[in-house]
Structure formats: structure tokens, C-alpha cells
Amino acid sequence: MRQQIVVSAPRGVDAVAATGALSPGGSHKRCRPPALCALLLLFAVSLLGSEAIAVEVAAQTLSTDTTWTAAASPYQVTGNVTVANGATLTIAPGTEIQFAANATLNVQGALDAQGTATAPIHFEPLAGESQPWGGITLASYTTESVIRYANISGAYTCVELSGGAVHQIRQSTITGCASNGIRISEGSPRIENNLIVENAGSGIYAYSGVDGPIIRRNSIDHNGAYGVYLYSADADTELYDNLITRNETGLYLSVAAILRGYNNVWGNAPDYVSASAAGTDLSSDPGYVDANLGNRQLLADSPSKTAAEDGGELGAYGAGGSPGIHPGALYRADNGWRTHPTRTLFR
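Residues numbered from 1 in each chain as written. Predicted model: local features only at pLDDT ≥ 70, side-chain atom pairs only at ≥ 80, totals over all residues. Heavy atoms only, no water.

**Q** Lay out the state of the cysteines in plain terms, naming residues and giving numbers.
**A** Disulfide: a covalent bond formed between the sulfur atoms of two cysteine residues. Tallying each qualifying case throughout the model produces one disulfide. Shown here is the disulfide that connects Cys158 with Cys177, its sulfur atoms set 2.1 Å apart. Judged by the sign of its S-S torsion, about -110°, the cystine formed by Cys158 and Cys177 is left-handed. One end of the pair, Cys158, is in the loop between strand E13 (150-153) and strand E14 (159-161); the other, Cys177, is in the loop between strand E16 (173-175) and strand E17 (182-184), with 19 residues separating them in the sequence. With a relative accessible area of 0%, Cys158 lands in the buried category. Since its relative accessible area comes to 0%, Cys177 is described here as buried. (Disulfide = S-S within 2.5 Å. Helix = DSSP H or I, 4+ residues; strand = E, 2+ residues; numbered from the N terminus. Buried < 20%, exposed > 50% of the residue type's maximum accessible area, 1.4 Å probe, protein only.)

Structure, rendered in C-alpha cells:
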């Protein structure tokens, strides 16, 4: 199915008159010569500055390889979009994708969404939406998807991992989700160097069918339920070098026999359920620079600066991580999902 694209003229431009198209009522005459019409349109757009022209993406299945670019964005997804098995959706650095309420991106094939530290990809709600969008589902059993340097916000569950392939989520910010930040129902994902913060439900919620996920060097802070919830995790699961702080509950494990340690689990209420601290775990103020303003980098004298398994830094910025700085716009008293205020003023 071909992608439906609707180009909206910037506010203040009469798109019909500027392009010379004849209105149904005949109120506009065709502009001539065509070259003059094009110049007039370019002049009108230039007067409006850099306001983006939106590309509407209606509900559809992408059955061939497709690329979305920053130059064409923002893309406004108004219905459920599926990437078919065998197809790849590539999203270029700096691209903005905005979703209508309940609209989803369901990836049966592959998603290659790799931004950069200076040009992240944005997945966010359409302006003015009062309900969350449906989130991203990575469902392939055979083809790996990669999300890297992305800001994902405002969905119900922001990322659902339901396929068995080794999907990757790295160097990204996942925030403001109405339920969980990341939900794993199957597979062996690698979740590394992410900020997973300020979600109404759990930061990472793994329920069943989990086969050795690697959860390493994430800052999982101020979520409304569990920081990390691992149910029926197998013995190959790795949980290392994370900051799990100020969530309603820190860490839940239904089985103790996983590979874990070198995590700082602090300021949750409680820190552990059905588990206890590993011998190498910390429970101390991580020393965020200014968590209230969204800066979860660590102060130079933080104990977590040298507490990782390799002697380096815990959390999203460890081992050279650079997921950006979450601006902290969600720290407002009127957010109904905010479970408790900051318990400690971080120096």
C-alpha cells in the first residue's frame, strides 16, 4: 500500500491561491505564468520563517523498505502503521514523528531508528492530544530492530518488545508514558545507556517469555510503579551498572538466579521486593547534578562515579553514554501520575 502523504500549508498561507489551483467554487483564478506562482509561494513560505510543513501518514502497512527523513518531518501518524515482515523502516537522525491518540507503530519487520547525540529522533504525541498514543511494538522473531539516540514520550507503553529477535534500545530517553516505559513480553533485548524516567507505571516491566535480556547502564528514576520488574526472568538475564532510584518500588525479582550486581538501588519505597541487595550493590544518593531540572548526570564526587563493574560510572552516562539531558518539563505538581516529590535535594 502506498504511503498517504498530505502536505499542509504553513499557517498564514492560502495554499489554494499560492499554488494557483482553482477552488471548487471558482473563487481563485489560476496563477500565470507558473514560474511566477512558484516564486510567490517560496516568498510566502520564507516570510513565515522555519515553520515545518507536516506530512500526514494515514493507517497503512509498509510492505517495502521506507525511509523517513528530518527534511520531510514532522510526520503526523494518524492511524496504526505496520512495518511488514521483510520490510525495514529507516528513520534518519533529527526526524520528528508525532502520533494521534492510540496510533501505533507496529514493527513486524525491522525498525532502524538511529539518531545522533546532537540530532536525536523524536517520537511524541501530536500537539493538543489529551490521550496517549499507542507506542512502538517491536514484534519480529527474526530481524533485529535498533532504537538509538531517540526521545520517546507520551505513549501508553512507549516501547513493547514482543518478538524473539535481539532488539536494541540504546542512548535514548523514555519518559512521560501513561503506563510502562519499556515492556518486555518476549525475547532477548539489549537495553543500555538509557534515561527511563518519570513514567506513570514501571520503568522496565518484563513479564513472561523473557530469554536473557541485558539491562545495563540505565538511569531508571522517578517512575510511578517499579523501577525494574522481572517476572520469570531466566538465568541468563543480566542486570548490571544501573541507577534505580526514587521509584515507587525499586527492583522486583520473581527468581533470584539472574546475573546481577553493581546497581545503585536507592530512595525507592521499598528498594527491593522478593529480592535483596547483591553484595556489590550500592544504596546511596547518586548525586544527580539537578534531577529537578532533568539533569541526571552525576556530580564529580558521587560514589556512583566509580561503582560500575569495570570501575567506571553507573547509569545512562557510564562507559561513554550520552543520551542527552531530559529537560525536566514533566516535573510539575499538576501531573496526576507523580507519585511523590523528590525526597532529597541533590546538592
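Back to the text.
**Q** Tell me what's going on with the environment of Gln131, and back it up with residues and numbers.
**A** Along the chain, Gln131 falls in the loop between strand E10 (121-125) and strand E11 (135-138). Given the relative accessible area of 49%, Gln131 is considered partly exposed. Residues Gln131 and Gly154 lie 23 residues apart in sequence; the distance between their C-alpha atoms is 8.6 Å.

**Q** With reference to specific residues and values, describe the environment of Trp68.
**A** When you line up the elements, Trp68 lands in strand E3 (residues 66-68). The sequence separation of Trp68 and Glu96 amounts to 28 residues, and the corresponding C-alpha distance is 9.2 Å.

**Q** How would you sum up the pattern of salt bridges? Please name residues and give values.
**A** Tallied over the full model, the rule gives twelve salt bridges. In this structure, Glu160 engages Arg183 in a salt bridge whose closest nitrogen and oxygen atoms are separated by 3.1 Å. Of this pair, Glu160 sits in strand E14 while Arg183 is found in strand E17, placing the two residues 23 residues apart along the sequence. Judged by relative accessible area, Glu160 falls into the buried class, the value being 15%. A salt bridge links Arg260 to Asp281; the nearest nitrogen and oxygen atoms lie 3.9 Å apart. In this pair, Arg260 sits in strand E27 (residues 259-261) while Asp281 sits in the loop between strand E29 (272-273) and strand E30 (288-290), placing the two residues 21 residues apart along the sequence. Given the relative accessible area of 18%, Arg260 is considered buried. Residues joined in a network through salt bridges with shared partners are Arg170, Arg190, Glu192 and Arg217. (Salt bridge = Lys/Arg side-chain N within 4 Å of Asp/Glu carboxyl O.)

**Q** Run through the side chain of Ser219, naming residues and quoting values.
**A** Locating Ser219 in the fold gives a position in strand E22 (residues 219-221). Those residues within four positions of Ser219 in sequence are excluded, and the remaining contacts are Asn194, Leu195, Ile196, Val197, Leu243, Gly315 and Ala316. (Contact = heavy atoms within 4.5 Å.)

**Q** Tell me about the sheet that holds E11, residues and numbers included.
**A** Taken together, ten strands build an open sheet; the order of strands is E2-E5-E8-E11-E14-E17-E20-E23-E26-E29 and the sheet is parallel. A strand with exactly one partner marks an edge of an open sheet, and here the two such strands are strand E2 (60-62) and E29. Across three bridges, the pairing between E2 and strand E5 (residues 81-83) is parallel. Its bridge partner lying in E5, Thr61 is registered against Thr82. (Pairing = 2+ DSSP bridges.)

**Q** Please provide a residue-by-residue account of unusual backbone geometry, values included.
**A** A cis amide bond, omega 15°, links Ser73 with the succeeding residue Pro74. Counting through the fold element by element, Pro74 comes out in the loop between E3 and strand E4 (75-77). Located in the positive-phi region is Glu198, a residue other than glycine, with phi close to 60°. The residue Glu198 is located in the loop between strand E19 (195-197) and strand E20 (204-206) in this model. Classification of Glu198 by relative accessible area gives buried; the value is 1%. At Tyr262, a residue that is not glycine, the phi angle is positive and equals roughly 60°. For Tyr262, the location among the structural elements is in the loop between E27 and strand E28 (264-266). Given a relative accessible area of 25%, Tyr262 falls into the partly exposed group.

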